[in-house]
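# A structural walkthrough
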Amino acid sequence: MSENIALNVPVHVGIIMDGNGRWAKKRLMPRKMGHREGAKTFRTITRACKNMGIKYVTYYAFSTENWARPQDEVDAIMDLFEKYLDDVKSFADENIRIRFIGDRSKLTPSLQQKMADVEKFCEKFDSLDCFLAINYGGRDEIKHSVQEIAKKVQRGEISPEDIDEKLITENLYTAEAPPVDLIIRPSGELRLSNFLIWQAAYAEYYFTDILWPDFKPEDLEKAVKSFSDRNRRFGGV
Ligand code: FPP
């Protein structure tokens, strides 16, 4: 795409994979079929991010609130994660580094083990950093960061006056990623839903009515183009 040359490509993109249930409902299919299609879109869009020169992408895959869904739907989503982790190694040539953010303690020991294995396996990959948020909530993440800092104060390593924004950022799950530049939410919902609430303080937003399973690389390009056309002032003039 020749226009790409002039594009200001965001460094870090956050994506809320929304609309899987409605995609399935429109086709009179069970909701889990929508998640299955959504998992395919996740792969396609991750490759497209890499091809566009995006350096970090964070996906909202399962929130701390999603446990309230029917058990069979939760099980189907967890199964999709496991299957994906089982064959992620066959895509090693893509050189994409996968990591997970969120509270792992509520996930099954087998899933936790696979997550740790995949992170180790991908450790040296560097074409794209891909974070998957599983059992993730932005407020929960900030609470976790504050707890880590409180432990340091308790041990006498730092004093309360040393706590600044940088320290809070460094104790988030995303400590190794830059702030998010662009958040994409498909499916017509206009909310952040507790996703990267600290990291998105100066993010740009792109909303579209397309349901996540129908989201194509061309839609990612449109979102990046929209981002590129905006004038970010970060509070300045
Ligand atoms: C939101 O759509 C989607 C989820 C809560 C689950 C997302 C999970 C996947 C796409 C599977 C990911 C798999 C891998 C391998 C990353 P929704 O169910 O809320 O849709 P609705 O708003 O139309 O009901």
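Structure shown above.
Residues numbered from 1 in each chain as written. Predicted model: local features only at pLDDT ≥ 70, side-chain atom pairs only at ≥ 80, totals over all residues. Heavy atoms only, no water.

### With respect to the overall build of the protein chain
When its secondary structure is counted, the protein chain shows 7 helices and 6 strands. Listed N to C, the secondary structure of the protein chain is β-α-α-β-α-β-α-β-α-α-β-β-α in terms of helices and strands. Here the C-alpha radius of gyration of the protein chain, 18 Å, is about what a compact globule of 237 residues would show, namely 18 Å. Each principal axis of the C-alpha distribution contributes one length, and for the protein chain these read about 60 × 50 × 35 Å. Here the protein chain holds 237 residues, and the buried ones make up 46% of them. Intrachain contacts of the protein chain at a sequence separation of at least 6 include 76% that bridge at least 24 residues. Element-wise, carbon and sulfur atoms account for 52% of the exposed surface of the protein chain, whose accessible area totals about 12400 Å². (Helix = DSSP H or I, 4+ residues; strand = E, 2+ residues; numbered from the N terminus. Rg over C-alpha atoms; globule rule 2.2 N^0.38 Å. Buried < 20%, exposed > 50% of the residue type's maximum accessible area, 1.4 Å probe, protein only. Contact = heavy atoms within 4.5 Å. Areas by Shrake-Rupley, 256 points an atom, 1.4 Å probe, with all protein chains shown as cover.)

### Re the pattern of salt bridges
Evaluation of the coordinates by the stated rule reveals 23 salt bridges. Overlapping salt bridges, with partners in common, bring together D18, R22, R185, E189 and R191 in one network. (Salt bridge = Lys/Arg side-chain N within 4 Å of Asp/Glu carboxyl O.)

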